[in-house]
Amino acid sequence: MKKPVNFKALLIISSSVLLVLAIATAILWPILWKGADWDSIHPTLVFGSDSDKHNGYADVTLYGAVANDGKDDTKAFIKAAETGAGIYVPLGTFDIKKTVTLRGQNLKGSGMDRSVIRFNGEGTIVEMKGAAIIDDITLSFADKYLTGKEKAGEQVAIKDVGIVNGAMIRSVKTTNVGTGYYSTQRAANNLSFMVESLIIDKFTYKALEMKDSLSTHLRTVNIGEAKGEVDTAVTLGGSFTLDSFVFSGTKCNYLIELLNCESATVNSLVFDGAEAKSGNLFKSVSSVLSMRTVTVKDSKATTLIKIEDNADKGESMGNVISLWSNSGSITIDAENKIKCENNVSQ
């Protein structure tokens, strides 16, 4: 007589087998995938808990970069850039020796002060071309590669080498640099460039040097301490607008210098704990300047603004300065005053 099938026992055995397989898969899966050839699977996707946020980016760790190990990650960054996708830099410090060139690509970290690119060499950390965007990251040079005698274009965190509309710097910190942001090229006539939430400190030459920019909006920018003897913290030219632009503890000969500005609009400028060793916080040369709110707090200077026109005859546009306060205020310390020299109208 045939023995009846024990379905209850069969169900228990099947369930046990499936449980064992599930446990084995959970243990072996990370080990098997660790050695996989990620490039052959999908080079431009970020895998992990935040993949939805950074889908379409090339994660540098998928190309061999390892955070916080002090080893050179240059090859990983180059491979990520070569995909043509945006470059994602996760939490940690990554060391490189060659410039990262963004050809209309985005460079994104996991947050300012959370993702750090540290440059071990001489040159520029990131070059921006096209509609490139740099977002949520810190850029810095290793200590031994700063001499304190840097000049224009030396040891630069971010360099503009030909940006177009759509380019942006947002939630970025540069520290321990020769220059934080550097651009001397004439911008295209229709360019509108946004810099928002930028911190620059520990600079040995200049925080910002933008001599011939056009329609640049600098909003929520904090200039911190200079390293060593620095002549001018910020040099601006072309056409720009400053909103919530703060010098915090900055000590230089001049804090800000305008050179041949076609249109300079200052909506909110703050000097907090700053010191102008030349005696002038602000110098304007051959520029058109409108100022709404200027606040000087706990700062050392004898003159708030010094106006000059040193251009050759026939080439001078002169200085034009307009101070207005219909929705703001001009606030200066008792010792600060406006000093105007040469070809100037108020």
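Predicted, not measured: the structure shown is a model, and the values here were computed from it.

### Quick word on the overall build of the protein chain
Counting secondary structure elements, the protein chain contains three helices and 23 strands. Each of the 346 residues in the protein chain was classed as buried or not, and the buried ones make up 46%. Counting only contacts in the protein chain whose residues sit at least 6 apart along the sequence, the fraction spanning at least 24 positions is 66%. Accessible surface, the protein chain as shown: approximately 16900 Å² in total, 52% of it carbon and sulfur.

### What to know about the environment of Gly238
Relative to the elements of secondary structure, Gly238 occurs in strand E13 (residues 232-248). Expressed as a C-alpha distance, the spacing of Gly238 and Asn260, which sit 22 residues apart in the sequence, is 6.7 Å.

### Considerations on the nonpolar core
Within the largest apolar cluster, 77 residues are counted, with the highest numbers of intra-cluster contacts made by Ile223, Phe247 and Phe271. With residues near it in sequence (within four places) discarded, Phe271 still touches Phe247, Leu255, Ile256, Leu281, Phe282, Val294, Thr295, Val296, Lys297, Ser299 and Leu304.

### Re the side chain of Gln105
Along the polypeptide, Gln105 turns up in the loop between strand E4 (100-103) and strand E5 (106-109). Engagement of the side chain of Gln105 in a polar contact is seen with the backbone oxygen of Ala81, the distance being 2.9 Å. A polar atom in the side chain of Gln105 sits 2.9 Å from the backbone oxygen of Ala85.

### Concerning helix H3 (residues 74-82)
Within the span of H3, buried status applies to Thr74, Ala76, Phe77, Ala80 and Ala81. Axial view of H3: buried residues confined to an arc of 165 degrees, hence all on one face. When the buried face of H3 is taken as reference, the exposed residues oriented beyond 90 degrees from it are Lys75 and Glu82. In the segment just after H3, Gly84 is the residue with positive phi, at about 85 degrees.

### A few points about the packing of aromatic side chains
In the structure shown here, the tally under the stated rule is five aromatic pairs. Between the aromatic rings of Phe77 and Phe94, the centroid separation amounts to 6.3 Å while the plane-to-plane angle is 70 degrees, which identifies the pairing as edge-to-face. Here the residue Phe77 occupies a position in helix H3, and Phe94 occupies one in strand E3 (residues 92-96), the gap between them amounting to 17 residues. Classification of Phe77 by relative accessible area gives buried; the value is 2%. Here Phe94 falls in the buried class, since its relative accessible area comes to 0%. Measuring from ring centre to ring centre gives 5.4 Å for Phe247 and Phe271, while their planes differ by 10 degrees; the resulting arrangement is stacked. Placement of Phe247 in strand E13 and of Phe271 in strand E15 (residues 254-272) is noted, with a sequence separation of 24 residues between them. By way of ring pairs, the aromatic residues Phe245, Phe247 and Phe271 are connected into one cluster.

### Some words on the side chain of Thr179
In this fold, Thr179 is placed in strand E10 (residues 168-183). Here Thr179 is in contact with Glu154, Gln155, Val156, Ala157, Tyr205, Lys206, Ala207 and Glu209, once residues within four sequence places are set aside.

### Structural notes on the environment of Phe240
In this fold, Phe240 is placed in strand E13. Distance from Phe240 to Glu262, taken between C-alpha atoms, is 8.7 Å for residues 22 residues apart in sequence. Filtering out sequence-adjacent residues up to four positions away, Phe240 remains in contact with Thr216, Leu258, Cys261, Ser263, Ala264 and Thr265.

### Regarding the pairing of strand E2 (residues 86-89)
Of the two faces of E2, the one lined by Gly86 and Tyr88 and the one lined by Ile87 and Val89 are each fully buried. As defined by bridge partners, strand E1 (residues 57-59) adjoins E2 across three bridges and the pair is classed as parallel. The residue of E2 that forms the bridge with Ala58 is Ile87. Since E1 and E2 lie parallel, the crossover through H3 that links them has a hand, and here it is right-handed.

### Concerning the confidence of the model for the protein chain
Per-residue confidence for the protein chain averages 81 on the pLDDT scale, and 71% of its residues sit at or above 70. Below a pLDDT of 50 lies the segment residues 32-53, which in the model reaches 29 contacts outside its immediate sequence neighbourhood of four places, other chains included. Here residues 311-317 is modelled with pLDDT under 50, and outside its nearest four sequence neighbours on either side it reaches seven contacts, counting other chains as well.

What counts as what
- Residues numbered from 1 in each chain as written.
- Predicted model: local features only at pLDDT ≥ 70, side-chain atom pairs only at ≥ 80, totals over all residues.
- Heavy atoms only, no water.
- Helix = DSSP H or I, 4+ residues; strand = E, 2+ residues; numbered from the N terminus.
- Buried < 20%, exposed > 50% of the residue type's maximum accessible area, 1.4 Å probe, protein only.
- Contact = heavy atoms within 4.5 Å.
- Areas by Shrake-Rupley, 256 points an atom, 1.4 Å probe, with all protein chains shown as cover.
- Core = buried A, V, L, I, M, F, W, Y, C linked by side-chain atoms within 4.5 Å.
- Polar contact = N/O pair within 3.5 Å; in protein donor to acceptor, adjacent residues only side chain to side chain.
- Arc of directions from axis to C-beta.
- Phe/Tyr/Trp six-rings, centres within 6.5 Å; stacked < 30°, edge-to-face > 60°.
- Pairing = 2+ DSSP bridges.
- Right-handed = clockwise from strand over helix to strand, strands pointing away.
- pLDDT = per-residue confidence, 0-100.

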